[in-house]
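Coordinate inspection notes
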Amino acid sequence: MKILTAAQIAEGDRITIERQGITSEELMERAGTLIFKQIHNRLQGAQIPVKIFCGIGNNGGDGLVVARHLVQHGYTVEVYVVNYTDKRSDDFLNNYEKFKETTKDWPQLIKEEDGIPEIDQGDFVIDAIFGIGLNRKIKGWMCKLIERINKSGAFVLAIDMPSGLFPDKISQSDAIVHADYTLSFQNPKLSFFLPDTMDYVGEFQVLDIAIDRQYLAEVKSETFLVGKEQAKILYKPRKPNSHKGDYGNILVAGGSYGKMGSVLLTATAAMHTGTGLCTLYIPESGYTIIQTGLPEAMVITDKNAKILSDFPKNFKADTVCFGPGAGTAEETVHSLENFLKKQKTPMLIDADGLNILSQHKGLQDLLPENSILTPHPGELKRLLGKWKDDIEKLKLAKEFSKKYKVIIVIKGTHTMIINRDEIYINTSGNPGMATAGSGDVLSGVITSLLGQKYDPPVAAVLGVYLHGLCGDIIAADEGFEGLTAGMIAQNMGSAFKALFENQEIA
Ligand SMILES: NC(=O)C1=CN([C@@H]2O[C@H](COP(=O)(O)OP(=O)(O)OC[C@H]3O[C@@H](n4cnc5c(N)ncnc54)[C@H](OP(=O)(O)O)[C@@H]3O)[C@@H](O)[C@H]2O)[C@H](O)CC1
Ligand SMILES: [K+]
């Protein structure tokens, strides 16, 4: 699914109105009615005090549509217009009149701090102050209103977006509604997925308001959401008539004394993702550990007992994963340099491999084109330098991706895959995956797909999705706390199966 900018969403409204031969007021009625139905479905007529705060633009207009339907269905509703200016949008005004006609009552106007009502913990607050039209920081007494909403402890439902949040930039103010639930129209917004802003959104649901399908299909976006529908079309079925040589000969290089488990996790995950042949290149002291832990894999040992210092001679692999548990010793820098010089096809670099790249920037020029880097936020900061907010982080990552012709997988709650100017936002996964070794497993999954000749961006996007999906499947049985990286590595097969099952896991 595409993520659109505020301007593209507004253009979608305009085209929909034109092509469907409807008025903008009818589109607003459609949008507001969908929100009302969601609320009505959940409240089922319960007499919870509802307080709706409406701005004076179209987000406020949506709020007035919802308010009218709630009143008509017998709910206890207090409607407030947040009157920070005398300007009003046409569709706000139309719905203001309709509200009066239906309820024989005008909404209450809030014009200053004194007019802000008390909000109780037991209230149900609907936030319709600002939507995608927010174009500057919220100031003055409106900040007090937002503060009161946030401090009330009431359940807060945001219409389209929490007020104060921009769809695709970061606000430098904390006057932002902290929603428990957001009902958003047609396409989710970028800020729903960024670590800086996602907590304001709460849980969210996207409502289809039937924006023109042709427009949605043709509009150009560089930012995409990856769910099961998008992931499953990337999968390449295995051929009945095939052998292990068809599924990649991969090399996993890494490990050091005390951190041999990381490469074991990587290689185990790769085998369970379908790799044909897997060899590990590890310090000598890891030999027995790996041969015992993963009998399916072959092992080549470095001459050094505790760290990597060299490069396996006369060895050819379809792709290489370098870094898990490797450490950053001078000898290991030399080892990575050798790999980078000899490896001509895209490879994956993770963990200490990335730290070495950050400390020895000259090595970055040696990265084979379309290689995949899988940093967590700390490794990314070392690689790119500091950023002021998530939007700048994405800009820096795109610049790096273009400069070095590589793909960057920024790991996090919503892992983002950056391929030049394109961003793919993953939707699978859960907090149980914030556990040691989870990243080593992801490296194994992606390297395995690279070895199976998936295009590098596809290997990254599909690998990240499958890894998260596997975590979701395990968490469904074991809970978040019980989930370990080893379980993900062992159970990757269930993620492939679930890709083609209908029940909603992620
Ligand atoms: N397809 C859809 O998604 C549909 C969405 N709808 C709803 O419409 C809103 C967007 O409505 P819009 O009128 O464009 O904008 P807002 O309601 O968000 O904001 C209203 C005006 O407020 C002014 N503004 C912006 N920032 C501030 C600020 N910090 N302080 C004060 N005022 C501010 C701005 O006007 P200016 O002229 O003053 O710049 C805004 O225009 C969308 O989110 C949906 O809820 C439709 O109902 C149906 C289709
Ligand atoms: K809102």
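Within an unreviewed UniProt entry, the label attached to the protein reads Bifunctional NAD(P)H-hydrate repair enzyme, and the organism entered is Christiangramia antarctica. Listed under Subunit (unreviewed entry) in UniProt, the entry text for the protein is "Homotetramer."

1. As for the sheet that holds strand 13 (residues 348–349)
Taken together, 10 strands build an open sheet; the order of strands is 8-17-16-15-14-13-12-9-10-11 and the sheet is mixed. Each end of this open sheet is capped by a strand with a single partner; those strands are strand 8 (223–226) and strand 11 (298–301). Of the pairings in the sheet, the one linking strand 16 (residues 416–419) to strand 17 (residues 422–426) comprises four bridges and is antiparallel in character. If you follow Asn419 over to strand 17, its bridge partner there is Glu422. Relative to strand 15 (residues 407–410), helix 15 (residues 456–478) is tilted by about 15°, and along the sheet it contacts strand 8, strand 14 (372–373), strand 15, strand 16 and strand 17.

2. Description of the nonpolar core
Ile52, Cys54, Val252 and Ala267 are the most contacted members of the largest nonpolar core, which totals 144 residues. Both domains that meet at this core, namely domain 1 (6–218) and domain 2 (230–499), each give it at least three residues. For Ile52, the contacting residues outside a window of four places in its chain are Gly63, Val66, Ala67, Val77, Val79, Tyr80, Ile126 and Ala128.

3. Structural notes on the packing of helix 2 (residues 24–43) against helix 3 (residues 58–72)
Here helix 2 crosses helix 3 at 55°, and the two axes come no closer than 8 Å. In terms of orientation, helix 2 and helix 3 fall into the oblique class. Of the two elements, helix 2 crosses helix 3, and the hand of that crossing is right-handed. Residue-level contacts link Met28, Glu29, Ala31, Gly32, Thr33, Ile35 and Phe36 of helix 2 to Asn58, Gly61, Asp62, Val65, Val66, His69 and Leu70 of helix 3.

4. What to know about the domain arrangement of the protein
Taken as a whole, the protein is organised into domain 1 (6–218) and domain 2 (230–499). On a C-alpha basis, the centres of domain 1 and domain 2 stand 42 Å from each other. Tallying the contact residues gives seven residues for domain 1 and seven residues for domain 2. Residue classes in the side of domain 1 that touches domain 2 are distributed as five nonpolar, no polar and two charged.

5. Quick notes on the site of ligand 1
Contacts to ligand 1 come from 30 residues, most closely from Gly57, Asn58, Gly131, Gly133 and Phe185. By residue number, the principal contributor to the shell around ligand 1 is helix 3, which donates five residues.

6. Some words on the UniProt feature "binding site: AMP" (unreviewed entry) in the protein
Using the residue numbers shown here, the UniProt feature "binding site: AMP" (unreviewed entry) corresponds to Lys411, Gly412, Thr413, His414, Thr415 and Gly439. Across 29 residues, the annotated set stays spatially compact, with a maximum C-alpha separation of 13.7 Å. As for its placement among the helices and strands, Lys411 is situated in the loop between strand 15 and strand 16. A residue is classified by how many C-beta atoms lie within 10 Å of it, and Lys411, with 23 of them, is buried. Discounting chain neighbours no more than four positions away, the residues touching Lys411 are Thr374, Pro375, His376 and Gly439.

7. Details of the packing of helix 14 (residues 438–451) against helix 15
Look at helix 14 against helix 15: their axes get within 8 Å of each other, and the N-to-C directions meet at 140°. Regarding the angle of helix 14 to helix 15, the classification is oblique. In the crossing of helix 14 with helix 15, the sense of the turn from one axis to the other is right-handed. Where helix 14 approaches helix 15, its residues Val441, Leu442, Val445, Ile446, Leu449 and Leu450 are matched on the opposing element by Pro456, Ala459, Ala460, Leu462, Gly463, Val464, Leu466 and His467. Tallied by class, the residues present in the contact of helix 14 with helix 15 amount to 12 nonpolar, two polar and no charged.

8. Here's the deal with helix 2
The end-to-end C-alpha separation of helix 2 is 28 Å, in line with the 28 Å expected for 20 residues at 1.5 Å each. Among the residues of helix 2, Leu27, Met28, Glu29, Ala31, Gly32, Ile35, Phe36 and Ile39 are the ones counted as buried. Count one or two residues on from helix 2 and you reach Gln44, which has phi positive near 50°.

Criteria and thresholds
Residues numbered from 1 in each chain as written. Chains lettered and ligands numbered in written order. Predicted model: local features only at pLDDT ≥ 70, side-chain atom pairs only at ≥ 80, totals over all residues. UniProt positions renumbered as here; feature names shortened; annotations may be inferred. Pairing = 2+ DSSP bridges. Helix = DSSP H or I, 4+ residues; strand = E, 2+ residues; numbered from the N terminus. Contact = placed C-beta atoms within 7 Å. Axes fitted to C-alpha atoms, helices over the stretch in contact; angles between N-to-C directions. Core = buried A, V, L, I, M, F, W, Y, C linked by C-beta atoms within 7 Å. Buried ≥ 20, exposed ≤ 12 C-beta atoms within 10 Å, placed from the backbone. Domains from an automatic or database assignment. Parallel < 35°, antiparallel > 145°, perpendicular 65-115°, else oblique. Left-handed = near helix turned anticlockwise from the far one by under 90°. Nonpolar A, V, L, I, M, F, W, Y, C, P; charged D, E, K, R; others polar. Near = placed C-beta within 6 Å. Expected span 1.5 Å × (residues − 1).

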